[in-house]
Amino acid sequence: MNTAAPVDKLETGIPGFDFIAEGGLPEGRTCLVAGTSGSAKTVFAVQFLAEGIERFETPGVFVTFEETPDDIRRNMIGFGWDIPAWEAEGLWRFVDVSPTLTDDPTVVGDYDLDALISRVTHAIKDIGATRVSLDSIGAICGQFEDSAIVRRELFRVAAALRQANSTAVITAERSDEYGSIARYGIEEFVADNVVVLRNALEETRRRRTMEILKFRGATHSKGEFPFSVLPDQGIVAIPLSAMELQQTSSIERSTSGNEMLDEMTGGGFYNDSIILVSGATGTGKTLLTSEFLAGATEEDGGRALLFAFEEGYSQFMRNAAGWGIDLQRLEDEGRLKVVCKYPEVAGLEDHLIRMKGVIKEFKPTRVAVDSLSALERVSSMKGFREFVVSLTSNIKDDGIMGLFTATTPTLVGGTSATEAHISTITDAIILLRYAELHGEMLRGITVLKMRGSNHDKRIRRFTVNDQGLHIGKPFDQLAGVLSGNIHILGPGLQGGSTNQHHSEENAESDALSPGTLSQSTGRDGR
Amino acid sequence: MKRYQLRLFVAGRSARSERAIANLRRICQEDLGGDCDLSIIDVLEHPQEAENEKILATPTLIKSGPLPIRRFIGDLSVRERVLAGLEQQT
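Here the structure is a predicted model, which is why all the values come from computation and not from measurement. (Residues numbered from 1 in each chain as written. Chains lettered and ligands numbered in written order. Predicted model: local features only at pLDDT ≥ 70, side-chain atom pairs only at ≥ 80, totals over all residues. Heavy atoms only, no water.)

Asks: So, the sheet that holds strand β6 (residues 106-107) of chain A: which residues are in play, and what are the values?
Replies: An order of β6(A)-β4(B)-β3(B)-β1(B)-β2(B) is seen for the 5 strands of this open sheet, with the pairing classed as mixed. Pairing within the sheet leaves two strands with one partner each, and these edge strands are β6 of chain A together with β2 (36-42) of chain B. On the sheet, helix α1 (residues 15-31) of chain B packs against β1 (4-10), β2 and β3 (60-65) of chain B and is oriented at approximately 170° with respect to β1 of chain B. Lying on the sheet, helix α3 (residues 79-87) of chain B is in contact with β6 of chain A together with β1, β3 and β4 (70-73) of chain B; it crosses β4 of chain B at an angle near 165°. (Pairing = 2+ DSSP bridges. Helix = DSSP H or I, 4+ residues; strand = E, 2+ residues; numbered from the N terminus. Contact = heavy atoms within 4.5 Å. Axes fitted to C-alpha atoms, helices over the stretch in contact; angles between N-to-C directions.)

Here's what the structure looks like:
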């Protein structure tokens, strides 16, 4: 049917979905939601009605072809959806088409599904429903042998729904994740709008995604978007690419929590910037994190939130106290929250949604994650990148300062996979490195990148004691600090030790490109 | 003497409905010796009845007595199958 007017969208209320759907489901139309078994189709169908009731007080009719109403009532209570209560209030109505044990009808001639249509339209009229879910249509195809009749009849069901002005979700079973849209091949004729839910195995981990295949006459975001099914919430979709576009930038700065580092960064971190701290184990990442959190005291209303994935709460607080950082006081004042979780307890999407929840609730001005690399262990590469993008954009949107740590796999030099994945997303990168000199392990710190600001480009030594992290002099006359393999620059290269400034610049440029230095010396030797 | 308890669910007065009703009347008189309590229910007028009996397709015939309960879907034009089903005792 052609209509000149653009298709209006109905906000479903399913978190994240409306964003992907650019407003919601096409209003007054039928949308096919297809997925393999276990892809959360029924949850979607129930949630479509539940959100309508909870958010907009619009009644809904649920037509169940597979599970009995009792099963659905029981199974959905875990998501916080009290269907019996809604039924009592006239906000929810079941149309029960689930197969019964005694029911094995003999087909004796021509038939149609007028009884079903009549029941559904009756229920819609009776409670004034604007939302209808049919779950799942595959069951009816199995029940009747003649697929031509079923196809014809489903088409009439969809037409009747349209006539009743209801927005409908019809679920259908798929046999594989990337095959034909639905089993029996007949459901595709029914709906102008198709959403696919996937529960694919990716590098030994299950990853749920949703994709809008088509909305006839309406726009939507393309591609697969991760989602999670959470207790008390149901489906929560994570609209990534849509969020990636937004980049606000604050010109206000706050302290990094370390005076010397503030100097190196040209006056502290920007208030909505994302900082990556990279270093091998024991270089001082957690220390820098602790100082960062303590930095929240110095501004008015500063609130700090830490997601710790490597250490327990007491260990973290004890270490901070050992460095002379009084996080306990901050916590007592209610301005610090430490959330410790093992990365393995949940999938990355679940972690993400929980973290977002805590951020929303606690309203911090700065957030630290120690370490991102720990989370990388529990995810595929793609999933990890999506996680970081989503988390950072969420933090940025709220104007929160974020500090993430990444652990390099080797003790000296090296970069972590984490860095490779997220360095473009970050506004500032700080490297902490071990370097060996004269049989001694030194530690160096440098600000590798600081978006929108001038910064100290030198590599400086630092030490750690019970007063925290102390940044000292640059590694003058040395090269190769970042790679961990230090060369002492000869007097010839140095160009006169009296010109201090000049030598620093030399050391800097050489240090950042140790490869060129060793190449040139190699040529000299030939 | 057991009487047949038969309920036929149809949707409106369509050709298919009329055919089903005519077929059922004929079976009743000619094959069951008129020994039937017959009721015809229009699901368009009585959707709640359809709901109670979980009727999906129309026409649907339900034999509720004598036991066992049997269901038939279609316009009852396949007479032998209807009879076989109605007279089945177990």
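Asks: Before we move on, can you summarise the nonpolar core with the specific residues and values?
Replies: Residues and elements named next belong to chain A. Counting 44 residues, the largest nonpolar core has F307, L372, F387, L391 and F404 as its most contacted members. Elements with a contribution of two residues or more to this core: β15 (274-279), β16 (304-308), α13 (348-362), β18 (366-370), α14 (372-376), α15 (381-397), β19 (401-407) and β20 (428-437). It is α13 that contributes the most residues to this core, 7 residues altogether. Not counting residues within four places of it along the chain, the set of residues in contact with L391 comprises L352, M355, I359, V369 and F404. Counting 39 residues, the second largest nonpolar core, distinct from the first, contains A40, F48, V195 and F227. (Core = buried A, V, L, I, M, F, W, Y, C linked by side-chain atoms within 4.5 Å. Buried < 20%, exposed > 50% of the residue type's maximum accessible area, 1.4 Å probe, protein only.)

Asks: Could you give me a rundown of helix α10 (residues 285-294) of chain A, with the residues and numbers involved?
Replies: Along α10 of chain A, 10 of the 10 residues are buried, which leaves the element largely enclosed by surrounding structure. Listed in full, the buried residues belonging to α10 of chain A are K285, T286, L287, L288, T289, S290, E291, F292, L293 and A294 of chain A.

Asks: Give a detailed account of the interface of chain B and chain A, specifying residues and quantitative values.
Replies: Each partner contributes residues to the interface: chain B has 26 residues there, and chain A has 27 residues. The largest per-residue losses of area from chain B upon contact with chain A belong to K54, L56 and I73 of chain B, which jointly make up 35% of the total buried on that side. Our count for the contact surface shared by chain B and chain A stands at 4 salt bridges. Its salt-bridge partner being E51 of chain B, residue R119 of chain A comes within 3.1 Å of it at the nearest N-O pair. Applying the counting criterion to the chain B and chain A interface returns 18 residue pairs in polar contact (both at pLDDT 80 or more). Residue assignment for the side of chain B that touches chain A shows that the elements contributing at least two residues are α1, α2 (47-52), β4 and α3 of chain B. Class assignment for the residues of the side of chain B that touches chain A results in 14 nonpolar, 4 polar and 8 charged. Two elements, β6 of chain A and β4 of chain B, share 2 bridges in a ladder whose sense is parallel. Within β4 of chain B, the residue paired with T106 of chain A across the bridge is F72 of chain B. (Buried area = accessible area lost by both parts, 1.4 Å probe. Salt bridge = Lys/Arg side-chain N within 4 Å of Asp/Glu carboxyl O. Polar contact = N/O pair within 3.5 Å; in protein donor to acceptor, adjacent residues only side chain to side chain. Nonpolar A, V, L, I, M, F, W, Y, C, P; charged D, E, K, R; others polar.)

Asks: Give a detailed account of the packing of helix α5 (residues 114-127) of chain A against helix α7 (residues 147-163) of chain A, specifying residues and quantitative values.
Replies: Any two packed helices are characterised by the angle at which their axes cross and by the distance between the axes. All names here are of chain A. Closest axis-to-axis distance for the α5/α7 pair is 10 Å, and the angle between their directions is 15°. The angle between α5 and α7 falls in the class roughly parallel. For the pair α5 and α7, the sense of crossing is right-handed. Within the contact between the two elements, α5 uses D114, L116, I117, V120, T121 and I124 and α7 uses E153, R156, V157, A160 and L161. Split by residue class, the contact of α5 with α7 holds 7 nonpolar, 1 polar and 3 charged. (Parallel < 35°, antiparallel > 145°, perpendicular 65-115°, else oblique. Left-handed = near helix turned anticlockwise from the far one by under 90°.)

Asks: Tell me about the packing of α1 of chain B against α3 of chain B, and please be specific about residues and values.
Replies: Residue and element names in this part refer to chain B. At a minimum axis distance of 12 Å, the contact between α1 and α3 shows a crossing angle of 60°. With respect to their mutual orientation, α1 and α3 come out oblique. Here the hand of the crossing between α1 and α3 comes out right-handed. The segment α1 lies against α3, with R26, I27, E30 and D31 engaging R79, V82, L83 and L86.

Asks: So what's going on with empty space enclosed by the protein? Residues and values would help.
Replies: All names here are of chain A. Taken as a whole, this structure holds 5 cavities of 30 Å³ or more when the rule is applied. Space inside the second largest cavity adds up to approximately 50 Å³. Residue lining of the second largest cavity: P226, I238, L348, E349, L352, G383, E386 and F387, and that is the complete set. (1 Å grid on protein atoms, 1.4 Å probe; cavity = no way out; pocket = protein on both sides within 12 Å on 5 of 7 lines; lining within 4 Å. Points joined across faces, edges and corners; volume = space filled by probe spheres on them.)

Asks: Lay out the pattern of salt bridges with the relevant residues and their values.
Replies: All names here are of chain A. Going through the model one piece at a time under the given rule, you end up with 33 salt bridges over all chains. Across the pair R156 and E153 runs a salt bridge whose closest N-O atoms are separated by 2.7 Å. One end of the pair, R156, and the other, E153, are both in helix α7, 3 residues apart, so they sit about a helical turn from each other. Each of D114, R152, E153 and R156 takes part in a single network of salt bridges with overlapping partners.

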